[in-house]
Amino acid sequence: MRCIHRRDRLENENCSQSSPGPPLYVCNCNGIRERDVRHAIACGASRPAEVFKSQGCQAQCAKCVCEMRQMIDESREALRYAAE
């Protein structure tokens, strides 16, 4: 499944369900939410720079980079366990 189709499907699912709470922002400078980071990772981003590129922006203060790296590592770990 291409990432564009996945995003459309996720957006449609999100529109049909009520949001459990406020969006969680990973990058306050650029307004990048957790779901945006997870989407970029699902589409192949393996570095924070690639996450920023997918959002059409650049790191400003870089306070979010550690959290993005952690999310990327968690995704890799989950994929490793899924492959076993």
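Since the model is a prediction, treat every value here as computed from it, not as a measurement.

Undergrad: Help me get a handle on unusual backbone geometry, residues and values and all.
TA: When glycine is set aside, most residues are seen to have a negative phi, and most peptide bonds are trans. Even without glycine at this site, A62 takes up a positive phi of about 70°. Tracing the backbone shows A62 in the loop between α3 (48-55) and α4 (65-83).

Undergrad: How would you sum up the pattern of salt bridges? Please name residues and give values.
TA: With the rule as written, the count across this model stands at four salt bridges. Here D36 ties to R33 by a salt bridge, and the two come within 3.4 Å at their closest N and O atoms. For R33, a relative accessible area of 25% puts it in the partly exposed group.

Undergrad: Report on the packing of helix α2 (residues 34-42) against α4, specifying residues and quantitative values.
TA: Contact geometry for α2 and α4: axes closest at 10 Å, N-to-C directions at 50°. The angle between the axes of α2 and α4 places the two elements in the oblique class. The interaxial crossing formed by α2 with α4 has right-handed handedness. Of α4, the residues touching α2 (which contributes E34, V37, R38 and I41) are M68, M71, I72, E74 and S75. Across the contact of α2 with α4, the residue classes break down as five nonpolar, one polar and three charged.

Undergrad: Which residues make up the side chain of D36, and what values do they have?
TA: One can find D36 in helix α2. Apart from the residues within four sequence positions on either side, D36 is in contact with G31 and Q55.

Undergrad: Give me the packing of α3 against α4: which residues, what numbers.
TA: Viewed as axis vectors pointing N to C, α3 and α4 meet at an angle of 100°, and their least axial separation amounts to 9 Å. In terms of axis orientation, α3 runs roughly perpendicular to α4. Between α3 and α4, the contacting residues are P48, V51 and F52 on the first element and V65, M68, R69 and I72 on the second. A breakdown of the residues in the contact of α3 with α4 according to their chemical character gives six nonpolar, no polar and one charged.

Undergrad: Could you give an account of the environment of C27, with specific residues and numbers?
TA: Among the secondary structure elements, C27 is positioned in strand β1 (residues 25-27). Overall, C27 belongs to the buried group, its relative accessible area being 2%. Note: C-alpha distance between C27 and E67 (40 residues apart in sequence) is 9.2 Å. The contact partners of C27, leaving out residues within four places of it in the chain, are I32, F52, C64 and M68.

Cut-offs applied
- Residues numbered from 1 in each chain as written.
- Predicted model: local features only at pLDDT ≥ 70, side-chain atom pairs only at ≥ 80, totals over all residues.
- Heavy atoms only, no water.
- Helix = DSSP H or I, 4+ residues; strand = E, 2+ residues; numbered from the N terminus.
- Salt bridge = Lys/Arg side-chain N within 4 Å of Asp/Glu carboxyl O.
- Buried < 20%, exposed > 50% of the residue type's maximum accessible area, 1.4 Å probe, protein only.
- Axes fitted to C-alpha atoms, helices over the stretch in contact; angles between N-to-C directions.
- Parallel < 35°, antiparallel > 145°, perpendicular 65-115°, else oblique.
- Left-handed = near helix turned anticlockwise from the far one by under 90°.
- Contact = heavy atoms within 4.5 Å.
- Nonpolar A, V, L, I, M, F, W, Y, C, P; charged D, E, K, R; others polar.

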